[in-house]
Amino acid sequence: MSFLELKNIKKSYYLGKEEFKVLKGIDLKFERGEMVSILGESGGGKSTLMNIIGGLDSKYDGEVLLNGNSLKHDTSKELDKYRRKTIGFIFQSFNLISHLTILDNVLVSLEMTKLSKKEQLKRAKALLVKVGLGEQMKKYPNQLSGGQKQRVSIARALASDPEMIIADEPTGALDPQNTVEILKLLDDIAKDGKLVLTVTHSQKVADYGSRIVHMTNGKVDEDKQLKEKYPVKQQDNLESRALSNKSIFKMTLDNMKYNLKRNILIIFGGLIGLFSVLFMLGLGNGVRGYMNHEIYSQINPNSVAINHKDTNNRIPFTQKDIDRIKNVKNVKGVQKNYMATGAQLKIGDKISQAQYFNTINRAMVTNTVKHGSKPGNNEILITKNNAKAFNSKNPYSIVGKKIQVAFNANKGNQTIPVVKTLKVSGISDSQSPLVFVNYQTMKTMLADSGIKIKPNFLSADISGGVGKVDPTQKSINNIKVNGKKAYSVNGAGTIVTSLNTYINLAVYVLAAIAGISLLVSAIMIIVVLYISVSERTKEIGILRALGATKGNIRMLFLNQALLYGVFSSVAAIVISYALQLLINNFTTASIIKYSMMQITPGNAVFAIIIALIINLIAAILPANKGAKLDPIESLSQD
Ligand SMILES: Nc1ncnc2c1ncn2[C@@H]1O[C@H](COP(=O)(O)OP(=O)(O)OP(=O)(O)O)[C@@H](O)[C@H]1O
């Protein structure tokens, strides 16, 4: 059984329906230790045959048998493995990867072996020394002469220790001296027990081998043995494997570094979109926080006022009403309240009016009291506007002063005036024309006028966060007495919740508008990756010839998009947080006294995830295009 056997290989190309027969039935046998020159006129089908032997072309008739096993039914992945393990390619135009050093060019092939990183490096260096490039390892291909480049490609072809070397016009671009040196290296490879197939136009080059196969017009017309083949020693080949994700990641990074300026611009493009979204979200959080803060400092949203529905406020609440409300889930406590309309305040001969005169309840928070304190027994809390009527220059001086309070109360159908002198306990900065006494004071005032106090509204405290207010309010609203809904509830909690909903809505709309720039950056990434695929077509062909799979190539571009996403989102987060620091320094020092930008860690994670998802989606089409490129066509790209 021969090492390599070709049985009746036929291949045609089609232009439209027209058939061009290139190989018209090739039968050949090759052994290891041979250096076979495939000689023939241009267009005779030599390269076509080499592509078939090399597993780059699987559309042919006939059989290629390696150690008796046909390649015919191998899947694309099996052919990738075959190229990795069995074949080393050397090309006329060298086909080195221009953005990698020559050491890295050799290492690409070694990364498809199971050698450890250290052994790979050792072998790559040893091979470069062997081809005479020990001093040039850190150079890039464009810093080498033609002969040197071809030595690199020989080192690369040998790296994975394949059993067969296919050299297509290896000396075609070299001067006579380099030609001899390269042929010598190829001869050494055959001496090592490998099969070397060299395609050439040149009789001189062909004469260097151990055998010449001459092709004319798609057929072998001469097969001449020049020398004995070299003896073959039994040897262990290196185990091969597909490129690891780590190697592909490194390749992506190397390529991105090579095109640094362009990549920085793309990252910057993505950054703008992500930054705008983060800025909007952070500002939204800040505005919402600020508004809640402001509202909560005026009122307690967890306290709600309860009135009778469909009747006027004068109807008193009974213990039954209180019990019904107490039974509602989340209601922590119910307070009795009394409200009178139109109170007159008088100190000496100065008078001020308050539209409402209420008993104080928990809806009012302490920090609205700017001077003094909440009212105790026989005390009253008035507003700053009222106080100004008594002392316009220094309204706070009214605290502690005696004040006469008069209002009208109902007793049955009678209206009875109630007058009492109270002490001003404090002054609130409330804009509502509302003055307060405690329930006991109100009770005494009414009792003094012969009226028994009956609560005309209630207030309920709701436990849990402000989110519990709305459902609890609804439950109270739904309480039915005699089949009819009995109560109406007013509280700031619902307003706060709906205000927050509106702010959220506005923020999301603004963030979505800012997100349009993400769409633009996604389109930019699609375009750049398509450009990248076309710029790297040759590299893709080289990698595929070395045995990289379609999946490896796809990963190369997906990685690139993911890296764009990581870099742009991290940069956007850093810039947003820096700006947040600056803005908050400013707003906390200003009259707002609040951090107006509040980007949460959740926002930052959202930015990273959205960037990765968008970029990944953007990369799918270009990455697939790269993966599906035909290796032969890719290699022939100029
Ligand atoms: N993809 C293709 N589509 C159509 N025709 C092709 C294609 N590739 C090669 N051919 C044709 O097949 C024939 C053989 O080409 P091939 O490259 O195998 O010849 P060759 O002997 O290697 O020539 P050279 O020595 O000039 O490289 C040529 O006529 C060429 O035009």
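In this text, all values refer to a predicted model and were calculated from it rather than measured experimentally.

Student: Can you lay out the side chain of R536 for me, pointing to particular residues and giving the numbers?
Tutor: Here R536 is to be found in the loop between α14 (492-535) and α15 (537-546). With residues up to four places along the chain from it excluded, the contact list for R536 reads H99, M251, N255, L556, F557 and Q560.

Student: If you had to explain the packing of aromatic side chains to someone new, which residues and values would you point to?
Tutor: One pass over the structure, following the stated rule, counts five aromatic pairs. Taking 5.8 Å as the distance between ring centres and 40° as the angle between the ring planes, the aromatic pair formed by F275 and F279 counts as tilted. Of this pair, F275 and F279 both sit in helix α9 (residues 260-298), four residues apart, roughly one helical turn. A centroid spacing of 5.1 Å and a plane angle of 70° characterise the contact between F357 and F407, whose relative ring orientation is edge-to-face. With F357 in strand β14 (residues 350-359) and F407 in strand β17 (residues 402-411), this residue pair connects regions lying 50 residues apart in the sequence. Residue F357 shares its accessibility class with F407, and that shared class is buried. Here the guanidinium or amino end of K72 rests over the ring plane of Y60, the centre of that ring lying 4.1 Å away.

Student: Which residues make up the sheet that holds strand β1 (residues 4-15), and what are the values?
Tutor: Spatially, the four strands line up as an open sheet ordered β2-β1-β4-β5, and their pairing is antiparallel. Every other strand in the sheet has two partners, leaving β2 (18-30) and β5 (69-70) as the edge strands with one partner each. Note that β1 and strand β4 (residues 61-66) share five bridges and pair antiparallel. From the neighbouring strand, L4 faces β4, where its bridge partner is L66.

Student: Which residues make up the sheet that holds strand β3 (residues 35-40), and what values go with them?
Tutor: Across the sheet, which stays open at both edges, the six strands sit in the order β6-β7-β8-β3-β9-β10 with mixed pairing between neighbours. Each edge of the open sheet carries a strand with a single partner, namely β6 (87-91) and β10 (219-225). The average undirected angle you get between the axes of adjacent strands in this sheet is 15°. Bridge count between strand β7 (residues 164-168) and strand β8 (residues 195-200): five bridges; the pairing is parallel. When the sheet's bridge partners are listed, M164 is paired in β8 with L195. Strands β6 and β7 of the sheet are contacted by helix α5 (residues 146-159), whose axis makes an angle of about 170° with β6.

Student: Got a sec to walk through unusual backbone geometry? Specific residues and values, please.
Tutor: Located in the positive-phi region is N95, a residue other than glycine, with phi close to 50°. A relative accessible area of 4% means that N95 is categorised as buried. Even without a glycine there, the phi angle at E169 is positive, about 50°. By secondary structure assignment, the location of E169 is in the loop between β7 and α6 (176-191). On the basis of relative accessible area, E169 is assigned to the buried category, the value being 10%.

Student: How would you sum up helix α1 (residues 46-53)? Please name residues and give values.
Tutor: The element α1 is extensively covered by neighbouring structure, given that seven of its eight residues are classed as buried. Among the residues making up α1, those that are buried are K46, T48, L49, M50, N51, I52 and I53. Once α1 ends, the next one or two residues include G55, with phi positive near 75°.

Student: Quick one: what's the story with the pairing of β3, residue by residue and with numbers?
Tutor: Regular strands have side chains that alternate between both faces of the sheet. With six of six residues buried, β3 is to be regarded as a mostly interior element. Residues M35, S37 and L39 line one face of β3 and the alternating positions V36, I38 and G40 line the opposite face, and both faces are buried. Judged from the five bridges that link them, β3 and β8 form a sheet pairing that is parallel. Bridge pairing in β8 links M35 to V196. One ladder, built from five bridges, connects β3 with strand β9 (residues 211-216); its direction is parallel. Its bridge partner lying in β9, V36 is registered against R211.

Student: Give me the lowdown on the site of the ligand, citing residues and values where you can.
Tutor: Contacts to the ligand come from Y13, V22, E41, S42, G43, G44, G45, K46, S47, T48 and H201. Residue S42 places a side-chain N or O atom 2.6 Å away from an oxygen atom belonging to the ligand. Between an oxygen atom of the ligand and a side-chain N or O atom of K46, the distance comes to 2.8 Å. Here the ligand loses 58% of its free accessible area of 630 Å² to cover by the protein chains. Broken down by element, the shell around the ligand gets its largest block of residues, three residues, from α1. In terms of residue class, the shell around the ligand is made up of two nonpolar, seven polar and two charged.

Student: Quick rundown of the UniProt feature "transmembrane region" (unreviewed entry) in the protein? Include the residues and the values.
Tutor: Per the UniProt record, "transmembrane region" (unreviewed entry) is annotated on residues 264-283, 505-531, 561-583 and 603-621. In residues 561-583, the share of helix is 100% and the share of strand is 0%. The end C-alpha atoms are 32 Å apart.

Student: Let's hear about the nonpolar core: which residues, and what values?
Tutor: Taken as a class, soluble globular proteins show a tendency for nonpolar side chains to be buried jointly. Ranked by size, the top nonpolar core spans 64 residues in total, and within it L4, L6, I9, L49, I53, M164 and L197 carry the most contacts. Each of domain 1 (4-241) and domain 2 (255-296 + 499-635) contributes no fewer than three residues to this core. Filtering out sequence-adjacent residues up to four positions away, L4 remains in contact with L28, K29, F30, I53, V64, L65, L66, M164, L195 and L197. In this structure, L110, I165, A190 and Y230 belong to the second largest nonpolar core, which totals 36 residues.

Student: I'd like a description of the environment of G412, backed by residues and values.
Tutor: Within the fold, G412 resides in the loop between β17 and β18 (414-428). On the basis of relative accessible area, G412 is assigned to the exposed category, the value being 67%. Taking the C-alpha atoms as reference points, G412 and I451, separated by 39 residues in sequence, lie 9.6 Å from one another.

Student: So what's going on with the packing of helix α8 (residues 245-258) against helix α16 (residues 550-589)? Residues and values would help.
Tutor: At a closest axis distance of 9 Å, the pairing of α8 and α16 adopts a crossing angle of 60°. In terms of orientation, α8 lies oblique with respect to α16. You can see that α8 and α16 cross each other, and the crossing is right-handed. Across the interface between the two elements, N245, I248, F249, M251, T252, L253 and M256 from α8 touch N552, M555, L556, N559, Q560, L563, Y564 and F567 from α16.

What counts as what
Residues numbered from 1 in each chain as written. Predicted model: local features only at pLDDT ≥ 70, side-chain atom pairs only at ≥ 80, totals over all residues. Heavy atoms only, no water. Helix = DSSP H or I, 4+ residues; strand = E, 2+ residues; numbered from the N terminus. Contact = heavy atoms within 4.5 Å. Phe/Tyr/Trp six-rings, centres within 6.5 Å; stacked < 30°, edge-to-face > 60°. Buried < 20%, exposed > 50% of the residue type's maximum accessible area, 1.4 Å probe, protein only. Lys NZ or Arg CZ within 6 Å of the ring centre and 35° of its normal. Pairing = 2+ DSSP bridges. Axes fitted to C-alpha atoms, helices over the stretch in contact; angles between N-to-C directions. Near = heavy atom within 4 Å. Polar contact = N/O pair within 3.5 Å; in protein donor to acceptor, adjacent residues only side chain to side chain. Areas by Shrake-Rupley, 256 points an atom, 1.4 Å probe, with all protein chains shown as cover. Nonpolar A, V, L, I, M, F, W, Y, C, P; charged D, E, K, R; others polar. UniProt positions renumbered as here; feature names shortened; annotations may be inferred. Core = buried A, V, L, I, M, F, W, Y, C linked by side-chain atoms within 4.5 Å. Domains from an automatic or database assignment. Parallel < 35°, antiparallel > 145°, perpendicular 65-115°, else oblique. Left-handed = near helix turned anticlockwise from the far one by under 90°.

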